[in-house]
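Listed below are the residues making up each chain.
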Amino acid sequence: MRALALVCTLNASPAPSSSQLLAEQVMAEFERRGVPGEIVRVADHDVLPGVGLDMGDGDGWPVLRSKVLAADILLVSTPIWLGHPSSLCQRVLERLDAELSESDEQGRPLTYGKVAAVAVVGNEDGAHKVSADLFQGLDDVGFSLAPGAVTYWVGEAMRGTDYQDLDETPDAVSSTTRTLAANTVHLARLLADHPYPAP
């Protein structure tokens, strides 16, 4: 099994990123459970707007799409901006929408059998709303989600502390991250052994 994390920070590498840090922690938990993977910052790729598989010359999505299709687990990690997932995160969902027109030889979307999870960071409230938006979008395009498929951290309202600035990871975040990883890997293995039926 393989996992892929798409980190939707607005900052390209090598800028520090709380979304990257939380994604790294989730991926480490996947690795502990025998599922290696790769972390990719979407901002490092020129993902063009649109809802097609390939939007033409210079589009960075086809490379990322190939990684998504090769993975059993997709982690989407996003900051909260103005109460919503980042614009890059929304763009990822829009590009994944094209998968609704793709299917395997039995008529199932290529994303069926793949499991998704979500990581959210911010310094205001809103993690539940952002994860709900992502859960719905990922489900719409064919991914399955396990119970507890989100881990998050939000700082105190009207303060400027970032997740990456904490001296240590809060116990509640560590515990939630472990639950996400355990349930997501379990579901991915179940679906690998017992695929969804053809329509």
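Treat the numbers as computed from the prediction; the structure is a model and nothing was measured.

Draft legend 1. Quick peek at the overall build of the chain. Within the chain, the regular secondary structure consists of five helices and six strands. For the chain, the N- to C-terminal ordering of α and β elements is β-α-β-α-β-β-α-β-α-β-α. Against the globule reference of 16 Å for 199 residues, the chain gives a C-alpha radius of gyration of 16 Å, in line with a compact fold. Dimensions of the chain along its principal axes, counting C-alpha atoms only, are 50 × 40 × 25 Å. Classification of the 199 residues of the chain by burial places 44% in the buried group. Look at the contacts in the chain between residues 6 or more apart in sequence, and 79% of them connect residues 24 or more apart. Between the averaged position of the 14 positive side-chain charges in the chain and that of its 28 negative side-chain charges there is a distance of 4 Å.

Draft legend 2. Structural context of the pattern of salt bridges. The final tally for this structure, using the stated rule, is eight salt bridges. Between E29 and R32 there is a salt bridge, with its nearest N and O atoms 2.6 Å apart. With E29 and R32 both in helix α1 (residues 18-32), this residue pair falls three residues apart, about one helical turn. Relative accessible area serves as the criterion here: at 13%, E29 is assigned to the buried category. Each of E29, R32 and R33 takes part in one network of salt bridges that share partners.

Draft legend 3. Representation of the packing of α1 against helix α5 (residues 171-193) within the structure. At a minimum axis separation of 9 Å, α1 and α5 run at an interaxial angle of 50°. Taken together, the axes of α1 and α5 are oblique relative to one another. Seen along the crossing, α1 lies across α5 with a hand that is right-handed. The segment α1 lies against α5, with L22, Q25, V26, E29, F30 and R32 engaging V173, T177, R178, L180, A181, T184 and V185. Its residues assigned to classes, the contact of α1 with α5 comprises seven nonpolar, three polar and three charged.

Draft legend 4. Structural context of α1. Its 15 residues give α1 an end-to-end C-alpha distance of 21 Å, which sits within 8% of 21 Å, the value for a rise of 1.5 Å per residue. All of the buried residues along α1 are S18, S19, Q20, L22, A23, V26, M27, E29 and F30. Tucked into the core, α1 has its buried residues touching β1 (3-7), β2 (37-41), β3 (73-81), β5 (115-122), β6 (144-154) and α5. Its side-chain oxygen at 3.2 Å from the backbone nitrogen of S19, S17 defines the N-terminal cap of α1. Trailing α1 by a residue or two, G34 shows a phi angle of about 85°, which is positive.

Draft legend 5. Main features of the environment of V51. Relative to the helices and strands, V51 is located in the loop between β2 and α2 (61-70). A C-alpha to C-alpha distance of 8.8 Å links V51 and R91, two positions 40 residues apart in sequence. Discounting chain neighbours no more than four positions away, the residues touching V51 are E94, D97 and A98.

Draft legend 6. Structural context of the packing of aromatic side chains. This structure, assessed with the given rule, holds two aromatic pairs. Pairing Y112 with Y196 gives two aromatic rings, centres 5.7 Å apart and planes at 70°, and the pair type is edge-to-face. Taken together, the residues Y112 in the loop between α3 (87-96) and β5 and Y196 in the segment after α5 connect sequence positions 84 residues apart. Exposure remark for Y196: the relative accessible area of 32% places this residue in the partly exposed category. Relative to Y163, the ring of W153 lies with its centre 5.7 Å away and its plane at 45°, an arrangement referred to as tilted. Placement of W153 in strand β6 and of Y163 in the loop between β6 and α5 is noted, with a sequence separation of ten residues between them. Assessed through its relative accessible area of 11%, W153 is described here as buried.

Here is what the cut-offs are and how they apply
- Residues numbered from 1 in each chain as written.
- Predicted model: local features only at pLDDT ≥ 70, side-chain atom pairs only at ≥ 80, totals over all residues.
- Heavy atoms only, no water.
- Helix = DSSP H or I, 4+ residues; strand = E, 2+ residues; numbered from the N terminus.
- Rg over C-alpha atoms; globule rule 2.2 N^0.38 Å.
- Buried < 20%, exposed > 50% of the residue type's maximum accessible area, 1.4 Å probe, protein only.
- Contact = heavy atoms within 4.5 Å.
- Lys, Arg positive; Asp, Glu negative; His and termini not counted.
- Charge placed at Lys NZ, Arg CZ, Asp CG, Glu CD.
- Salt bridge = Lys/Arg side-chain N within 4 Å of Asp/Glu carboxyl O.
- Axes fitted to C-alpha atoms, helices over the stretch in contact; angles between N-to-C directions.
- Parallel < 35°, antiparallel > 145°, perpendicular 65-115°, else oblique.
- Left-handed = near helix turned anticlockwise from the far one by under 90°.
- Nonpolar A, V, L, I, M, F, W, Y, C, P; charged D, E, K, R; others polar.
- Expected span 1.5 Å × (residues − 1).
- Polar contact = N/O pair within 3.5 Å; in protein donor to acceptor, adjacent residues only side chain to side chain.
- Phe/Tyr/Trp six-rings, centres within 6.5 Å; stacked < 30°, edge-to-face > 60°.

Fair warning: the whole summary comes from geometry, so function is off the table for now.
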